[in-house]
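A closer look at the structure
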Amino acid sequence: MSDITPYVPRDDRITNANSDDHLIALWLRSKAVSSKEAYSRDISQFLLFTGVELTTAKLDDIWSWLDHLEGEGLAVSSRARKLASVKSLFSFGHKVGYLSFNVGAAISLPKIPDMLAQRILTENEVQDILHTADSERNSVLLRLFYSTGARVSELVTLNWEHVQEKKIPGSPSECIITLIGKGSKTRNVLVPASIWSILINLRSAEQHAGFGSLKDPVIRSAKGGPLSRPQIWRIVRKAATMAGVDRAVSPHWLRHAHASHSLDHGAPTHLVKETLGHKSLTTTSRYSHARPDDSSGKYLDV
């Protein structure tokens, strides 16, 4: 399914929805920029597989598509995300009066097993990953992921204007990094002097190469623009492989590691919540239970 290109409406005029193209364009317009590509790809896959118009789609069409995705070996979390996209589109189409029925309403999202514990790297594994970077840029990228708990989309849009020195009398300067998160919400993350030091070195090298202005990306590609998501994924995966971590490590694993390790070292839950940009303490608290230190099973004679 990965070779399917995202859905691109043929007519991008946003008026009343009077065709599938108009409906999808209007629906996509309400989505975050960082999510539009994934949403459009999901809808493209659904329409290509079923071969139906949205106005004639039936419940069986969605079930058949989901069965196909499961047969392709797609993880339940990925199937749930794709189904959520389709359900959202049908709900939107019904709400604006384009669709007579919301056929997606009859299907519930599958329950996703909580596999968080399996995706938390140990501190030794993280250190090994950080020390296998094959360039200064990649080293900074990996350390920013771990020190800030940033999402991929947040580091893709990180420019030098978002990096500010915080001077501390009598001590090495720290650094405040402004991350632009979901829904264009910003949060300021304080990172230690060690990160400020490597950022200074990187920017000096960038300026020597003709880059490093305030509007330039902190983590840039060879062409000067920001790295793409696939490029970032490959950098993280390669570093993990070189470090001997035989799991499918993604950039988000370093965000998980930030949360888990900082809580292990006594960081207040509310502080981790604010640093990571979680909506609620409930989300942050999951990390406290992902790797328990005790269990009632240890008290049994087994």
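The notes below deal with the structure included here. What you see is a predicted model, and the numbers here were worked out from it, not measured in a lab.

1. Considerations on the packing of helix α3 (residues 59-71) against helix α4 (residues 76-95)
Interhelical geometry of α3 versus α4 gives an angle of 160° and a closest axis separation of 11 Å. Looking at the two axes, α3 sits roughly antiparallel to α4. Seen along the crossing, α3 lies across α4 with a hand that is right-handed. Along the contact surface, α3 presents Ile62, Trp65, Leu66, Leu69 and Glu70, while α4 presents Arg79, Lys82, Leu83, Val86 and Phe90. Class assignment for the residues of the contact of α3 with α4 results in seven nonpolar, no polar and three charged.

2. Some words on α3
Since the α-helix packs 3.6 residues into each turn, any two residues three or four apart lie on the same face. For α3, which comprises 13 residues, the first-to-last C-alpha distance of 18 Å matches the rise-based estimate of 18 Å (1.5 Å per residue) to within 8%. On the buried face of α3, the contacting elements are α2 (33-50) and α4. Just downstream of α3 lies glycine 73, where phi reads positive at about 85°.

3. So, helix α1 (residues 20-29)
Among the ten residues that make up α1, eight are buried, leaving the element largely enclosed by the rest of the structure. On the buried face of α1, the contacting elements are α2 and α4.

4. Notes on the side chain of lysine 31
Mapped onto the secondary structure, lysine 31 falls in the loop between α1 and α2. Although lysine 31 is buried, it forms no salt bridge, and the closest oppositely charged side chain is aspartate 42 at an N-O distance of 10 Å. Lysine 31 has contacts with Lys36, Tyr39 and Ser88, leaving out every residue within four places of it along the chain.

5. Looking at the packing of aromatic side chains
Taken as a whole and assessed by the stated rule, the structure comprises three aromatic pairs. With a centroid separation of 5.2 Å and an interplanar angle of 75°, the aromatic rings of phenylalanine 46 and tryptophan 65 are classed as edge-to-face. Here phenylalanine 46 is found in helix α2, whereas its partner tryptophan 65 is found in helix α3, with 19 residues between them in sequence. For the pair phenylalanine 46 and tryptophan 65, one class covers both residues: buried. Between phenylalanine 46 and phenylalanine 90, the aromatic rings sit 6.1 Å apart at their centres with planes inclined by 90°, giving edge-to-face as the arrangement. On the criterion of sequence distance, the pair formed by phenylalanine 46 in helix α2 and phenylalanine 90 in helix α4 is long-range, its members being 44 residues apart.

6. What to know about the sheet that holds strand β2 (residues 171-180)
As summarised here, the arrangement of the three strands in space is β1-β2-β3, forming an open sheet in which the pairing is antiparallel. Among the strands making up the open sheet, the edge pair consists of β1 (163-168) and β3 (186-191). Direction aside, the axes of adjacent strands within the sheet are offset by 25° on average. Alignment of β2 against β3, held across six bridges, turns out to be antiparallel. Following the sheet pairing, threonine 178 is matched in β3 by asparagine 188.

7. Things to note about the environment of serine 171
The residue serine 171 is located in strand β2 in this model. A sequence separation of 22 residues divides serine 171 from alanine 193, and the C-alpha atoms of the two residues are 8.9 Å apart.

8. Observations concerning the pattern of salt bridges
Within the structure shown, the criterion is met by ten salt bridges. Between glutamate 206 and arginine 220 there is a salt bridge, and its shortest N-O distance comes to 2.5 Å. Residue glutamate 206 is located in helix α8 (residues 193-208), and its partner arginine 220 is located in the loop between α8 and α9 (229-242); the two are separated by 14 residues in the primary sequence. Take glutamate 206 and arginine 220: they sit in the same class, and that class is buried. Two residues, lysine 273 and glutamate 274, come together in a salt bridge whose shortest N-O distance is 3.0 Å.

Criteria and thresholds
Residues numbered from 1 in each chain as written. Predicted model: local features only at pLDDT ≥ 70, side-chain atom pairs only at ≥ 80, totals over all residues. Heavy atoms only, no water. Axes fitted to C-alpha atoms, helices over the stretch in contact; angles between N-to-C directions. Helix = DSSP H or I, 4+ residues; strand = E, 2+ residues; numbered from the N terminus. Parallel < 35°, antiparallel > 145°, perpendicular 65-115°, else oblique. Left-handed = near helix turned anticlockwise from the far one by under 90°. Contact = heavy atoms within 4.5 Å. Nonpolar A, V, L, I, M, F, W, Y, C, P; charged D, E, K, R; others polar. Expected span 1.5 Å × (residues − 1). Buried < 20%, exposed > 50% of the residue type's maximum accessible area, 1.4 Å probe, protein only. Lys, Arg positive; Asp, Glu negative; His and termini not counted. Salt bridge = Lys/Arg side-chain N within 4 Å of Asp/Glu carboxyl O. Phe/Tyr/Trp six-rings, centres within 6.5 Å; stacked < 30°, edge-to-face > 60°. Pairing = 2+ DSSP bridges.

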